[in-house]
Amino acid sequence: MQEQPVIISIQKLNHDGRGEGPFNDKNGIEYQAEVPFTVPGDKVEALVKRKRGGVYPGRLLQVVEPAKGAVSARCVHFGKCGGCLFQRLSYEEQLAWKEQKVRSLFPNVQSGPIIGCTPPWAYRNKMEFTFSQDAKGEKFLGMMLAGSRGRVFELTECHLVSPWFASTLAEVRRWWNASSISAYFPPRNSGSLRTLTLRESATTGARLAMLTLSGNPE
């Protein structure tokens, strides 16, 4: 089957948290597709790719009709960054889905309800960001694009960590753009900058910023 845009009604979340639903090809044959960043009840337009692992992966083009009860994603990068899939589900629905998944994995184990996090944001204390450059030399510092093969996008915010992560990322980006140092390119073993790791202690407030380099002479 060639890649084609189709309309899909999302019926459920699969074990990876991606929305799943049926679609018909041009001959009217029904198949199942999975589309990340969707929730049950969504009616979406997606570009369906070749079958992989028993299901057709789809790239979300637009939400035609949002599910009743779906919430707006908080992050401007939602749908581009692969770090978060559930931002359009309320936190209560996220907990319910995760609880059901745990119980399906351990059917003979008695368990209580999941205890939610308060607040459910800024809970991570460490992030690693990647330096990258394209063929024209344009610089990128951020996270991997969802579904890409190593492409990096310019990250400006992340609500999984404290706000100082984003401000530090912006400062490092300004320093890098003013320098002649290049990002590391593994296929050619060229360039220097590989990753920027930021970390903080929730108990002491201590902060760490670490550049990982390739070791090349430049």
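The model shown is predicted, which means the values in this text are computed figures rather than measured ones.

1. Points about the overall build of the chain
- Counting its regular elements, the chain contains 2 helices and 11 strands.
- Counting from the amino terminus, helix and strand elements in the chain follow one another as β-β-β-β-β-β-α-β-β-β-α-β-β.
- In the chain, once contacts between residues fewer than 6 apart in sequence are set aside, the share between residues at least 24 apart is 48%.
- Element-wise, carbon and sulfur atoms account for 51% of the exposed surface of the chain, whose accessible area totals about 13,700 Å².
- Computing the positive centroid from 28 side-chain charges and the negative centroid from 20, the chain places the two 4 Å apart.

2. Overview of the nonpolar core
- Met127, Phe129, Phe131, Leu141, Met143, Leu155 and Phe165 are the most contacted members of the largest nonpolar core, which has 22 residues in total.
- For phenylalanine 129, the contacting residues outside a window of four places in its chain are Leu141, Gly142, Met143, Leu155, Phe165, Leu169, Arg194, Thr195, Leu196 and Leu198.
- Val6, Ile8, Ala33 and Tyr56 belong to the second largest nonpolar core, which has 10 residues in total.

3. Structural notes on the side chain of glutamate 99
- Relative to the helices and strands, glutamate 99 resides in helix α1 (residues 91–105).
- The buried category is assigned to glutamate 99, whose relative accessible area is 18%.
- Those residues in contact with glutamate 99, other than ones at most four positions away along the chain, are Pro113 and Ile114.

4. Things to note about α1
- For α1, spanning 15 residues, the distance from its first C-alpha to its last is 21 Å, which sits close to the expected 21 Å at 1.5 Å a residue.
- The complete set of buried residues in α1 reads Gln94, Leu95, Trp97 and Glu99.
- Close packing links the buried residues of α1 with β2 (12–13).

5. Considerations on helix α2 (residues 163–177)
- With 15 residues, α2 extends 22 Å from end C-alpha to end C-alpha; this agrees with the ideal 21 Å at 1.5 Å per step.
- The set of residues buried in α2 consists of Trp164, Phe165, Thr168, Leu169, Val172, Arg173 and Trp176.
- Contacts made by the buried residues of α2 are with β7 (126–133), β8 (139–144), β9 (152–154), β10 (193–200) and β11 (207–213).

6. Some words on unusual backbone geometry
- In this chain, threonine 118 is followed by proline 119 through a cis amide linkage whose omega measures -10°.
- Structurally, proline 119 can be placed in the loop between α1 and β7.
- Phi is positive for alanine 122, which is not a glycine, with a value near 55°.
- Within the secondary structure, alanine 122 is located in the loop between α1 and β7.
- Its relative accessible area of 40% is what places alanine 122 among the partly exposed residues.

The rules behind the values
Residues numbered from 1 in each chain as written. Predicted model: local features only at pLDDT ≥ 70, side-chain atom pairs only at ≥ 80, totals over all residues. Heavy atoms only, no water. Helix = DSSP H or I, 4+ residues; strand = E, 2+ residues; numbered from the N terminus. Contact = heavy atoms within 4.5 Å. Areas by Shrake-Rupley, 256 points an atom, 1.4 Å probe, with all protein chains shown as cover. Lys, Arg positive; Asp, Glu negative; His and termini not counted. Charge placed at Lys NZ, Arg CZ, Asp CG, Glu CD. Core = buried A, V, L, I, M, F, W, Y, C linked by side-chain atoms within 4.5 Å. Buried < 20%, exposed > 50% of the residue type's maximum accessible area, 1.4 Å probe, protein only. Expected span 1.5 Å × (residues − 1).

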